[in-house]
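# Fold and contact review
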Amino acid sequence: MRDPQAAGDLFAPLAREPVEVLAFVYLGVEQQVLGMRHVRSRHRDRLDLPIRAIAADALAFDATALVMAHNHPSGDPTPSEADREATRRLARALDPLGVQLLDHLVVAARGITSFRSLGFL
């Protein structure tokens, strides 16, 4: 799942959501999908990052990596500073567990932005 296009295709349906939705794909050693989780925000324009639940899922799946995505209902796929900070916090939390955050995608009506492609990861 190191291919941003394949990951973007998987998460594309998020672009139609009216509120922010977080999605996580947990991956094994050979990049096989082990599981997914979706978390619907109570806010239209802000996400609540459940780091404990994400870490617990990663451990339960015995994941070695994950890809995170969330939508911007506004239609603009530009990451906000809050998005960037949440990504840094999650990557720091997963690192001691031996789980790599491969990418964070922002999905919107006007496109998909990859944090890895932008050099944020």
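So, here is what we can say about the structure in this document. (Residues numbered from 1 in each chain as written. Predicted model: local features only at pLDDT ≥ 70, side-chain atom pairs only at ≥ 80, totals over all residues. Heavy atoms only, no water.)

## Quick look at helix H3 (residues 81-94)
Taking 1.5 Å of rise per residue, 14 residues should cover 20 Å, and H3 covers 20 Å from first to last C-alpha, within 8% of that figure. Every buried residue of H3 is listed here: Asp-83, Ala-86, Thr-87, Leu-90 and Leu-94. The buried residues of H3 occupy an angular sector of 100° when the element is viewed end-on, so they sit on one face. In this structure, the buried residues of H3 make contact with strand E1 (21-27), helix H2 (51-61), strand E3 (65-71), strand E4 (100-108) and helix H4 (115-118). (Helix = DSSP H or I, 4+ residues; strand = E, 2+ residues; numbered from the N terminus. Expected span 1.5 Å × (residues − 1). Buried < 20%, exposed > 50% of the residue type's maximum accessible area, 1.4 Å probe, protein only. Arc of directions from axis to C-beta. Contact = heavy atoms within 4.5 Å.)

## Some remarks on the packing of H2 against H3
With their axes 10 Å apart at the nearest point, H2 and H3 run at an angle of 40° to one another. With respect to their mutual orientation, H2 and H3 come out oblique. Every pair of crossing elements has a handedness; the one defined by H2 and H3 is right-handed. Contact residues: Ile-51, Ile-54 and Ala-55 in H2; Arg-89, Leu-90, Ala-93 and Leu-94 in H3. (Axes fitted to C-alpha atoms, helices over the stretch in contact; angles between N-to-C directions. Parallel < 35°, antiparallel > 145°, perpendicular 65-115°, else oblique. Left-handed = near helix turned anticlockwise from the far one by under 90°.)

## A word on the pattern of salt bridges
For the structure on display, the rule yields five salt bridges. For Arg-40, the salt bridge identified is with Glu-17, shortest N-O distance 2.8 Å. In this pair, Arg-40 sits in strand E2 (residues 33-40) while Glu-17 sits in the loop between helix H1 (4-11) and E1, placing the two residues 23 residues apart along the sequence. Look at Glu-17 and you get partly exposed, because its relative accessible area is 23%. Among the salt bridges present, the one from Glu-81 reaches Arg-88, with a minimum N-O distance of 2.8 Å. Here the salt bridges do not stand alone but share partners, grouping Glu-81, Glu-85, Arg-88 and Arg-92 into one network. (Salt bridge = Lys/Arg side-chain N within 4 Å of Asp/Glu carboxyl O.)

## Some points on H2
Each full turn of the α-helix corresponds to 3.6 residues, which orients residues three or four apart in the same direction. Among all positions in H2, only Ile-51, Ile-54, Ala-55, Asp-57 and Ala-58 are buried. Down the axis of H2, the buried side of the element spans an arc of 160°, and every buried residue falls inside it. The exposed set on the far side of H2, more than 90 degrees from its buried face, consists of Arg-52, Leu-59 and Ala-60. Next to the buried residues of H2 lie E1, E2, E3 and H3.

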